[in-house]
Amino acid sequence: MDWLLQQLINGLALGSIYALIALGYTMVYGVLRFINFAHADVLMLGAYAAYFLAPAVSTVFPLPSLTGALIVTLLSVMICTGIGILIEFLAYRPLRQRPRLTVLITAIGVSLLIEFTCQHEAVFGADTKPFPQLLPVHDFNIGGLVIGSNDLVVVVTTLVLLAALWFIVQRTKMGTAMRAVSFNQQAAALMGININRIISFTFGLGSALAAIAGILYALKAPGIDPLMGVQPGLRAFIAAVLGGIGNLPGAALGGLLLGLLETFAGGISGLSNYRDGIAFAILILILLFKPAGLLGKASVEKV
Amino acid sequence: MSQPLLKLDSATIRFGGLTAVSNFSLEVNPCELIGLIGPNGAGKTTAFNMITGVYQPTDGHIHLNGRSIAGVKPHDLTRQGIARTFQNIRLFGSLSVIDNVRAAMQLHCKHGVRASLWRGSRFKSLENEVETCALELLDIFKLGSLRDEEAKSLPYGDQRRLEIVRALATRPKLLLLDEPAAGMNPTEKEELMHLIRFIKDKFQIAVMLVEHDMTVVMGICERIAVLEYGIKIAEGTPQQIQRDPKVIAAYLGTETDKEEPFDA
Amino acid sequence: MSSSLNPSSITGAKRWLIAGVLLAVVVSMFSAQFNRYYLGILVDIGINIILAVSLNLINGHTGQFSLGHAGFMAVGGYTAAKISLVISPMLPPALQPLIFLFALLAGGGLAALAGFGVGVPSLRLRGDYLAIVTLGFGEIIRVVVQNMESVGAASGLKGIPKYTTLGWTFGLAAVTIYFVSALVNSTYGRGFIAVSDDEVAASSMGINPVRYKVTAFVTGAFFAGIAGGLYAHHKQFLSPTGFDFLKSIDIVVMVILGGMGRTAGVVVAAIILTLLPEVLRQFSEYRMIIYSLLIIVLMMARPQGLFTWNRKKGGAPA
């Protein structure tokens, strides 16, 4: 029983990170209908931004501390937001009217470009770097269960961000415009919505989430490297599809499910090596029965 | 006629809360030219989609040659003798004109994968046969000279006619035409009316057409059924329909609907 | 996506195939004269041609989007390698070509079976979802191989006999090109393109989209499996990491660069993209950066492929 609860807590923490990343995939898909493969690399850039910023920030706000961590995160969020908007502007905007396949391949190209550039010696180098302690670590021991403070931070941050995102999308003017663009770009443009601004905003928002997810992921990981985004990115991307791509609650649900699944499978000896395979197998199974994901709506083609 | 070619028996289809077609009963006899009219959104195209197996009726039955078509896939229905055109033209855009027809002819081809790979003399003669046959059909519609044009580059009227040729290439017993005259000028419409009558007689097929242009419908249809809000409000000869008070109400009562220039 | 059928080009096709296979065999006889390095690259080219042309049937002609071609290649490669590793010590060396042929066919067959497994879900999924399922399938295959002790697991399968020659590679490349073009360039084959253009219209014309899609997946996977077998007996070493997502992307890029559904263009693209890394060898640290930039630039400048020509003029891609 304890083991189950412990895995549950670990799974929730991991799933929260996946959910944060998946939200970025799903938001971009919602407005532009393509999978932004470079999202996982923005996550990696977020972690690296924090890595390079941490020593500078610690001269003013000694690390680990809550204030310091917040400032580092805020700065990396700003950097990644800029990068996300820039990627969209340079790589995707010129392809706005092209078939989605073209954009998809471009996205893969952008992702590879970022990964290989960052692996170059003159940039970050391919080696793993230790991630600085941003937050004081404390393990809470509750009746035999160990809850790490980092896990708590992860879950709480995700919940807060989810709520904030829900508010932005459902209750603000910007969010209404996002939903309008997602529904019908041309009609939204005719209604006086500045499509380019909305799409930039969406990319910025998604990249901000990716930066936070990157830092949270790095806190729990042994170190950071230019390919650190690939694995969580892939899982989050599965999560987004699992939940029904384009659907925000679906992405959160998918992320949590996948996190739980991975921790439970990882806890069972023999299965742990198959983790990636299992995640995909479950995705395929679910898509066979629900071709549009768990919460996605199947679209019927008009004949 | 002993047995109708197509028989709709209280066919009903609902999408969520919306009943698109309700209790639609109709019989189509072999070699008959029948019109299906009604204001926009009356459920005419939906009825076509039920008959061709694209949608499954929620209630009721549809029989083709006395056999129920429930659960039969569209491509199998085509094999059984139903062919159609589409309201919003759906040609194989990247194929040439003749290959559009050829693609539809593979249904009755005696040579498939193995012959295509082996490419013996039999394959060659069969391919030539297919080509001759496709050209004959194209020539009826004066499209033969455009055989190597890409289908999507054709002018609108030619695309509509190519769709009819493509449908004919499946050797149907029942041909469903969804607004064949849409976007055509009066001369083209006149020509089209002749052609429809011609192919009906030449190939001995039943034709069912959805059309907004009353000159066309009244001019060639032997019998007309009228749908309004998914319900059949009248059925009869063109003369009967023109005098039917319900039909007049449906059209005149919603005059703005009738001549709406844009069709979804 | 295709040219009009031209009966005279159809009859010539089989002659071209025989010529291609003969040429490959003859050139192969002189292969001892070639520099080993160039020979290796030539074989790589042949294998990539098979991969690209077979993927072109799925992604180009039939309009499905598969991101899992490396997975099929892995199935074929590992199967063929394991078979020849087990069987070849038991039989006299004179039977070596037979063993190889059997191993290749078995690899292709098993890959085709995997292709059937992917083709079936494709009936319900389209576009991005299909791309993800095929990607997932490729990953599942990789993960399974990575954990199979009998094929060396993560450390790889070593000591595979070097059976692959120039003759085998280009002979099979000729067969692949012939097979795919013959299949598509027939009345039957117009169905693939019809399904790709408009599935609803195709099924209304009596074309069974399910059958065509599954045929495309099974055929494409079969030849990818053959390519995997050739690769295994060429490199003499297989590692699961060689069949990852990046390898699938490589093949997809060849198809796009060549122009979807254009066999001749795809062959040229396969050649160029195999040579490119070799040309860039002295800039090896920038190689992958240049490669990814190339993908982006290509998508912006010529998304329809580099080698597209006006087909109305009767230019008939093989």
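Use the structure listed above.
Bear in mind that the values here come from a model prediction, so they are computed numbers and not experimental data.

Some remarks on unusual backbone geometry
Step number 1: Cis geometry marks the peptide bond from L63 of chain A to P64 of chain A; its omega dihedral reads -10 degrees.
Step number 2: Even without glycine at this site, N23 of chain B takes up a positive phi of about 50 degrees.
Step number 3: Relative to the helices and strands, N23 of chain B resides in strand 2 (residues 18-28).

Side note on the sheet that holds strand 2 of chain B
All names here are of chain B.
Step number 1: The strand order across the open sheet formed by four strands is 2-1-4-5, and the pairing between neighbours is antiparallel. Edge strands, defined here as strands with exactly one partner in the open sheet, are strand 2 and strand 5 (67-68).
Step number 2: With five bridges joining them, strand 1 (residues 6-15) and strand 4 (residues 59-64) adopt antiparallel strand pairing. Bridged to L6 within strand 4 is L64.
Step number 3: Running at roughly 115 degrees to strand 1, helix 1 (residues 44-51) makes contact with strand 1, strand 2 and strand 4 of the sheet.

What about the pairing of strand 1 (residues 139-142) of chain A?
All names here are of chain A.
Step number 1: The pairing of strand 1 with strand 2 (residues 145-148) spans four bridges and is classified as antiparallel. If you follow F140 over to strand 2, its bridge partner there is I147.
Step number 2: Count of turn residues in the strand 1/strand 2 antiparallel hairpin: two residues, of which G143 carries a positive phi of about 50 degrees.

Some remarks on empty space enclosed by the protein
To find leftover empty space, a probe the size of one water molecule is rolled over the atoms.
All names here are of chain A.
Step number 1: The final tally for this structure, using the stated rule, is five cavities of 30 Å³ or more.
Step number 2: Residue lining of the second largest cavity: R235, L258, L261, E262, A265, R275, D276, I278 and A279, and that is the complete set.
Step number 3: At the level of secondary structure, the elements contributing two or more residues to the lining of the second largest cavity comprise helix 10 (248-267) and helix 11 (275-289).
Step number 4: Of the residues belonging to the lining of the second largest cavity, the class tally is five nonpolar, no polar and four charged.

Structural notes on the packing of aromatic side chains
Step number 1: Counted under the stated rule, the structure contains 22 aromatic pairs over all chains.
Step number 2: With centroids separated by 5.2 Å and ring planes inclined at 65 degrees, the aromatic side chains of F179 of chain C and F223 of chain C adopt a geometry described as edge-to-face. With F179 of chain C in helix 6 (residues 166-184) and F223 of chain C in helix 9 (residues 209-235), this pair connects stretches of sequence that are 44 residues apart.
Step number 3: Given a relative accessible area of 24%, F179 of chain C falls into the partly exposed group.
Step number 4: Clustering of aromatic rings is evident, with ring pairs tying together Y25, F37 and F237 of chain A together with F245 of chain C.
Step number 5: Positioned over the ring face of F86 of chain B is R90 of chain B, at 5.7 Å from the centre of the ring.

Overview of the packing of helix 3 (residues 69-87) of chain C against helix 10 (residues 245-258) of chain C
All names here are of chain C.
Step number 1: Between helix 3 and helix 10, the least distance of the axes is 7 Å, while the angle of their chain directions is 115 degrees. As summarised for this structure, helix 3 and helix 10 are arranged roughly perpendicular, according to the angle between their axes. Contacts between helix 3 and helix 10 involve H69, A70 and M73 on the former and, on the latter, K247, S248 and I251.

As for the nonpolar core
Step number 1: Within the largest apolar cluster, 244 residues are counted, with the highest numbers of intra-cluster contacts made by Y92 and F131 of chain A together with L162 and L175 of chain B.
Step number 2: If one sorts the elements of this core by residue count, helix 8 (residues 195-220) of chain A sits on top with 16 residues.
Step number 3: Setting aside residues up to four positions removed in sequence, L175 of chain B forms contacts with A83, R84, I164, A167, L168, I199, I205, A206, V207 and M208 of chain B.

Calculation rules
- Position numbers for residues start from 1 in each chain and track the written sequence from start to end.
- Chain labels run from A onward and ligand labels from 1 onward, assigned in the order the entries are written.
- Residues qualify for local features only when their pLDDT is at least 70, as the model is predicted, and side-chain atom pairs are given and counted only at 80 or more; totals for whole chains, interfaces and linings, by contrast, use all residues.
- By convention in this description, side-chain values take in all heavy atoms of the structure and omit both hydrogens and water.
- Starting at the N terminus, helices and strands are each numbered in turn, a helix being any DSSP run of H or I of at least four residues and a strand any DSSP run of E of at least two.
- Pairing between two strands is assigned when DSSP locates at least 2 bridges connecting them.
- Every residue pair with non-hydrogen atoms within 4.5 Å of one another is taken to be in contact.
- Lines fitted to C-alpha atoms define the axes here, with helix axes fitted over just the stretch in contact, and angles between the N-to-C directions of these axes take values from 0 to 180 degrees.
- Only protein atoms enter the calculation, which uses a 1 Å grid: trapped sets of points that fit a 1.4 Å probe without letting it out are cavities, open sets showing protein on both sides within 12 Å along at least five of seven lines are pockets, and any residue with an atom within 4 Å of a point is a lining residue.
- Grid points are joined across faces, edges and corners, and a volume is the space filled by probe spheres set on the points.
- Residue polarity follows a fixed list, in which Ala, Val, Leu, Ile, Met, Phe, Trp, Tyr, Cys and Pro are nonpolar, Asp, Glu, Lys and Arg are charged, and the others, Gly among them, are polar.
- Only rings of Phe, Tyr and Trp enter the pairing, Trp through its six-membered ring, and a pair is recorded when the two centres are within 6.5 Å. The plane angle decides the type: under 30 degrees is stacked, over 60 is edge-to-face, the rest tilted.
- Partly exposed describes any residue whose relative accessible area lies between the buried limit of under 20% and the exposed limit of over 50%, with all areas from a 1.4 Å probe on protein chains only and scaled to the type maximum.
- For a Lys NZ or an Arg CZ to count as sitting over a ring, it must be within 6 Å of the ring centre and within 35 degrees of the ring normal.
- Roughly parallel means an angle under 35 degrees; roughly antiparallel, over 145; roughly perpendicular, 65 to 115; everything else is oblique.
- For the purposes of this section, nonpolar cores are sets of buried Ala, Val, Leu, Ile, Met, Phe, Trp, Tyr and Cys residues that join through side-chain atoms within 4.5 Å.

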